[in-house]
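# Close look at the chain arrangement
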Amino acid sequence: METRAERLSPLPENVVDISVTRREWNGIRVDVNATRCSGPAEHPLCLESHTRLSALLEEVGSPCEPRLRAGRPCPIGYVPRQLNLMPAGMPLWGYSADSRLVRDAVLTFDLTELGERLGQALSPSELGAPRLRFADARLWTLLRLLAEVVDDDDPSTQLYGDGLTAALFAALGSRRDESPSTRKGLTPWQLRRVLGFMESRLPERVELSELAALVDLSQAHFSRAFKASTGVAPYQWQLRARLERAQAMMLATPASLEQVAEVTGFADAVHFGKAFRRAHGTTPARWRRDRKR
């Protein structure tokens, strides 16, 4: 699927530049677009072959406006941190009289395929009709969190993004009929199976769909049950396990921090150091030195 930058080449009038960062979780493509303009601009927002959910993350200059047709103003008034939901086959245009920068996050997905991956029915009545300029603080926050890690290659980001997308679509109303039993934790055998699998795959990427399938649960149900049993989300457990492996390696071997980072799945020693400090309040070097006195 073409990105917005690829589709709008050459760029429309007064659009100076479009940059796109893309990643996929749960079969959902997440595009973070940054569009810079130098005057009045109107252009198609593309990706109409799929259902799209978008969030306005940042705008500098006059407010931007979603339009169902070129040259026809939006009938809905301005909403800060607006969201737009567009069904497949329906185009959408963006317009601004004087925007300098617009950043948005766009999720594209197939309703049937997504419902199968998440193990839950996604109602066309909820997601199959257009909604322009609506506000939902929880949805907007979930999209912003996805946008913040779209270019993060850390292995735990896979589970993190999987969990965010599952939570996002649960928030859209697809699981209103859950029974109280679905809010309980995992059974002992389920927890043993999942933790054993996660430990065996350290420090590789693991998808939430894999973990949920091990115990025959939907991803949203599994995420809640896992946290009820362990006190943390799956991505947090995985990151903590990687850091614990790094601690054991620092105590038992003379490996450099760069080597420890590589073995435990961090991009480099700097990335490892930042994650370690957030978790333990000190640097890996100081932690190691304090325990070897």
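Reading the values: rules and limits
- Residues numbered from 1 in each chain as written.
- Predicted model: local features only at pLDDT ≥ 70, side-chain atom pairs only at ≥ 80, totals over all residues.
- Heavy atoms only, no water.
- Salt bridge = Lys/Arg side-chain N within 4 Å of Asp/Glu carboxyl O.
- Helix = DSSP H or I, 4+ residues; strand = E, 2+ residues; numbered from the N terminus.
- Buried < 20%, exposed > 50% of the residue type's maximum accessible area, 1.4 Å probe, protein only.
- Domains from an automatic or database assignment.
- Contact = heavy atoms within 4.5 Å.
- Expected span 1.5 Å × (residues − 1).
- Polar contact = N/O pair within 3.5 Å; in protein donor to acceptor, adjacent residues only side chain to side chain.
- Pairing = 2+ DSSP bridges.
- Axes fitted to C-alpha atoms, helices over the stretch in contact; angles between N-to-C directions.
- 1 Å grid on protein atoms, 1.4 Å probe; cavity = no way out; pocket = protein on both sides within 12 Å on 5 of 7 lines; lining within 4 Å.
- Points joined across faces, edges and corners; volume = space filled by probe spheres on them.
- Nonpolar A, V, L, I, M, F, W, Y, C, P; charged D, E, K, R; others polar.

The name given to the protein in an unreviewed UniProt entry is Helix-turn-helix domain-containing protein, with Corallococcus aberystwythensis as the source organism.

## A look at the pattern of salt bridges
Under the defined criterion, the tally for this structure stands at 14 salt bridges. Here Asp104 and Arg4 are joined by a salt bridge, their closest N and O atoms 3.0 Å apart. On the criterion of sequence distance, the pair formed by Asp104 in strand S8 (residues 99–109) and Arg4 in helix H1 (residues 4–7) is long-range, its members being 100 residues apart. When sorted by exposure, Asp104 lands in the same class as Arg4, which is buried.

## Describing the domain arrangement of the protein
The assigned domain composition of the protein is domain 1 (15–152), domain 2 (188–231) and domain 3 (243–292). For domain 1 and domain 3, the distance between their C-alpha centres works out to 39 Å.

## Here we look at the environment of Pro63
Among the structural elements, Pro63 can be located in the loop between strand S4 (51–61) and strand S5 (65–67). Its relative accessible area of 43% is what places Pro63 among the partly exposed residues. If we skip the residues at most four places from it in the chain, Pro63 touches Tyr78, Tyr95, Ser96 and Ser99.

## Things to note about helix H11 (residues 269–280)
For H11, which comprises 12 residues, the first-to-last C-alpha distance of 16 Å matches the rise-based estimate of 16 Å (1.5 Å per residue) to within 8%. Restricting attention to buried positions, one finds in H11 the residues His271, Phe272, Gly273, Ala275 and Phe276. Those residues of H11 that are buried are in contact with helix H9 (234–252), helix H10 (257–263) and helix H12 (284–290). The N-cap of H11, judged by a side-chain oxygen 3.1 Å from the amide nitrogen of Val270 a few residues on, is Asp268. Among the residues trailing H11, Gly281 stands out with phi positive, at a value near 75°.

## Digging into the sheet that holds strand S9 (residues 131–134)
Reading across the sheet, the 6 strands line up as S1-S2-S8-S4-S6-S9 and stay open at both edges, with antiparallel pairing between neighbours. Whereas interior strands pair on both sides, the edge strands pair on one side only; in this sheet they are strand S1 (15–25) and S9. Within the sheet, the average angular offset between the axes of one strand and its neighbour, ignoring direction, is 15°. Strand contacts of helix H4 (residues 137–148): S1, strand S2 (28–37), S4, strand S6 (83–86), S8 and S9, with the helix running at about 80° to S4, the strand carrying the most contacts.

## Focus: the sheet that holds S5
Strands sit in the order S3-S7-S5 across an open sheet of 3 strands; the sheet is antiparallel. One side of each edge strand has no neighbouring strand; the edge strands of this open sheet are strand S3 (41–44) and S5. Averaged over all pairs of adjacent strands, the angle between their axes in this sheet comes to 25°, without regard to strand direction. As paired strands, S5 and strand S7 (residues 93–96) are joined by 3 bridges and run antiparallel to one another.

## Brief notes about empty space enclosed by the protein
Over the atoms, a rolling probe the size of a water molecule traces out where space has been left empty. Summed over the entire model, instances satisfying the criterion amount to 1 cavity of 30 Å³ or more. A volume near 330 Å³ is recorded for the largest cavity. Taken together, 26 residues make up the lining of the largest cavity; nearest its centre are Arg4, Leu45, Gly94, Val102 and Asp104. Where the lining of the largest cavity is concerned, the elements lending two or more residues are S2, S3, S4, S5, S6, S7 and S8. Classifying every residue of the lining of the largest cavity by side-chain character gives 14 nonpolar, 8 polar and 4 charged.

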